[in-house]
Amino acid sequence: MGATRVKIAVCIKRVPVMDVRFRIGADGKSVDETGLKYDVNDFDLWAVEAALQLKEKTGAGEVAVFSLGPDAVQEQIRKALSMGADRGVQLKAASASADPLSIARALAAELEATQWDVIFFGKVAIDTADQSVGPMVAELLGLPCVSAISALEIANGRGTAKRELEGAQEIVEFPLPVVLTVDEGLNKERLPSLKGIMAAKKKPLEVKPAQLDAGTVSVAAMELPAERAAGRIIGEGAAAVPELVRLLQTEAKVL
Amino acid sequence: MATVFAFAEARGGELRKVALEAVTAARTLADETGGGEVHALLVGAPGIGGKAAALGAHGADVVHVCEHAGFEHANAEAGAALAAELLKRIGARAAVFPASASGRDLAPRVAAKLGVGVASDVVSVAAVGGAIHARHPSYTGKVITTLALTGTPAVIAIRPNVFTPRESARAGRVETVAPAVDPAASKVKVRETKAGSRAKLDLSEAPVIVSGGRGLKSAENFKLVEDLAAAFGNAAVGATRAVTDDGWRPHSDQIGQTGRVVSPELYVAVGISGAIQHLAGMRTSRTIVAINKDREAPIFKIADYGIVGDVFDIVPALTEAVRAARAHR
Ligand SMILES: Cc1cc2nc3c(=O)[nH]c(=O)nc-3n(C[C@H](O)[C@H](O)[C@H](O)COP(=O)(O)OP(=O)(O)OC[C@H]3O[C@@H](n4cnc5c(N)ncnc54)[C@H](O)[C@@H]3O)c2cc1C
Ligand SMILES: Nc1ncnc2c1ncn2[C@@H]1O[C@H](COP(=O)(O)O)[C@@H](O)[C@H]1O
């Protein structure tokens, strides 16, 4: 990273708040948006937080947030600005694509113009659950990439990160510039302060058309998962244990 | 007849179960599309080639083996370059990766190199007309999306523990392949792979998961959960976010919306309320048992077998009973 000014990009996605029962739209391949509330994707909030902490540690620099989608995404960009990001860019598109490569190409086309030190992504967008856009942008820009990091240290143009594997951890070293995707556990995002919310209103938010191609992945169908049978309470206290064991052996056949 | 590729993930010189799952899924897809060949790719430090036979036994016609000291740890830069080059050379119709921590890192890079999209965390796959259809849970498991992949190859990453490894003896002819780029020159370097302190069986692979929540009251009391897991013999230990936030368990044990997503044969929820974000990670478990002192706890709505009461009475009794049941088998 340059002597003092660090340049950081964060890509954030507007996603529905998940504590609802979703309904499938009339076309059978979309989620009915009626009544849904939206927020910044959880993992992207941690990405914003990581960017802000890096800038604060370095002393000076810029945190720019990018979001691809309809005008409504400006609400999420403003939230990131109110947390402390410096400027925002909306890549305007009627909707995001089902192909993560199309999204990655559109983001890469915009990010390419600037020499970033770090480009942060969330590990996964919890609506489409592709877990792909970050590493794809890295490939398209020819940058090194560490995905799903849960600890991070950056100093003197190099960094170390931790990744959780199944039953193990990786300690990874990388040079800057780099693409990082953020897992839970890296940090807890700050809440926007009242002052931050006021300041965000005056921060620059640029709108540009997204260069979104059709891609090779589309949604063929969406459905609700099969409902589980209604729960059943089989008894109270330790006295119910023999019955539980019997059911696990004879009915569920897992013991 | 379509050639289907499978990435055979290895760690520490051993094949992972997800490698056999990937080969099994590739075999099924190849058979459904007219019986083409399955080509597996196995990379690792020198000696890894010795593990190729198991891939043949699960349906690989050819096992491409790349041995290099630079592949001792995961090396996504060089791994993706090699996989992409091989995929082009063999003209694969589809490429199956495990949606493991390493596979999820690799698959999108390979897809981007080849200019195609990717479907991640796939739970079923089928050829439909000219396209490959891949189903995967989305919206924290509350919506199942079927994606149509029209690119070649169709790159998919399959959810661990869903495609049960199945034997299907094939030649498993070993072909040595050189790295596409020097693995020692990767910009990102894994300095160390630390094996987990206690997890012998991983959450994504364990047939049984015993999970603890705040109802256990303290980190020490997780011993109850560990003892029950040990009694089952084939169980891993999971936790809620309340527990990982308090530092009773590492974040890697967390199950839920922002943690791990699991579908074991049996999930035992101990002192867990059943918040929607927790359910997002375990609701597809085959059988769910819940132990909670609050009859109104939401976990009971999805538990096949619920017991109302104090975990400190019930769990030790259950541990004894499970031990006895297994001893008599
Ligand atoms: C954006 C977001 C993401 C989240 N992601 C996750 C996630 O990935 N995973 C996750 O787990 N949570 C997640 N959460 C948190 C979630 O909302 C809940 O707070 C959490 O799951 C609660 O954990 P718990 O069940 O251990 O604790 P509690 O909700 O406090 O439940 C404890 C339960 O123990 C019972 N109990 C207490 N004492 C006893 C006893 N002696 N015997 C028997 N029962 C007893 C109580 O009746 C209670 O039901 C997330 C939240 C948000 C907002
Ligand atoms: N429409 C979008 N706009 C901006 N960033 C996005 C968008 N979609 C995905 N991302 C970024 O890519 C990450 C992974 O998304 P995904 O591959 O869809 O799971 C997200 O956490 C975001 O950081």
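For the structure, check the block above.
Residues numbered from 1 in each chain as written. Chains lettered and ligands numbered in written order. Predicted model: local features only at pLDDT ≥ 70, side-chain atom pairs only at ≥ 80, totals over all residues. Heavy atoms only, no water.

Re the overall build of chain A
Spelled out, the test is: By definition, any uninterrupted DSSP run of H or I lasting at least four residues is a helix, any uninterrupted run of E lasting at least two residues is a strand, and each is numbered from the N terminus. Burial classification: accessible surface area is computed with a 1.4 Å probe over protein chains only, and a residue below 20% of its type maximum counts as buried, one above 50% as exposed, and the rest as partly exposed. We call two residues in contact whenever any of their non-hydrogen atoms come within 4.5 Å of each other. Per-residue and other accessible areas follow the Shrake-Rupley method at a 1.4 Å probe size, with only the shown protein chains counted as cover for residues.
Counting its regular elements, chain A contains six helices and 13 strands. Here chain A, with 255 residues, has 55% of them falling under the buried criterion. The contacts in chain A between residues at least 6 apart in sequence include a share of 71% that link residues at least 24 apart. With the model as given, the accessible surface of chain A reaches about 10700 Å², and the carbon-plus-sulfur share is 52%.

Structural notes on the site of ligand 2
Residues and elements named next belong to chain A. To be explicit about the condition: For this description, a residue counts as near a given molecule or strand if any of its non-hydrogen atoms is within 4 Å of it. Pairs of N or O atoms within 3.5 Å make up the polar contacts considered here, provided that, within protein, one atom can donate a hydrogen while the other can accept it, and that residues adjacent in sequence are counted only when both atoms are side-chain atoms. A cavity, in this analysis, means grid points on a 1 Å lattice covering only the protein atoms where a 1.4 Å probe fits yet has no way out; a pocket is instead an open set bounded by protein on both sides within 12 Å along at least five of seven lines, and a residue lines either one if it has an atom within 4 Å of a point. Here the criterion for a molecule occupying a pocket or cavity is that more than half of its atoms lie within 2 Å of the pocket grid points.
What surrounds ligand 2 is a group of 19 residues, the closest being Cys11, Asp44, Ala125, Gln131 and Ser132. For ligand 2, a nitrogen atom lies 3.4 Å from a polar atom in the backbone of Ile12. Between ligand 2 and Val133 there is a distance of 2.8 Å, counted from an oxygen atom to a backbone nitrogen or oxygen. In this structure, ligand 2 is accommodated by the largest cavity. Within the residue set of the shell around ligand 2, elements represented by two or more residues are strand S4 (60-69), helix H3 (100-111) and strand S6 (118-122). Tallying contributions element by element places S4 first for the shell around ligand 2, with three residues.

Some details on the site of ligand 1
As a matter of local geometry, ligand 1 sits amid 27 residues, with Arg214, Lys217, Thr240, Ser273 and Gln277 of chain B nearest to it. Near ligand 1, the surrounding residues are drawn from chains A and B. One of the backbone nitrogen or oxygen atoms of Arg241 of chain B is found 2.9 Å away from an oxygen atom of ligand 1. Interatomic distance of 3.1 Å between a backbone N/O atom of Lys293 of chain B and a nitrogen atom of ligand 1. Protein chains shield 80% of the accessible area of ligand 1, which is 990 Å² for the free molecule.

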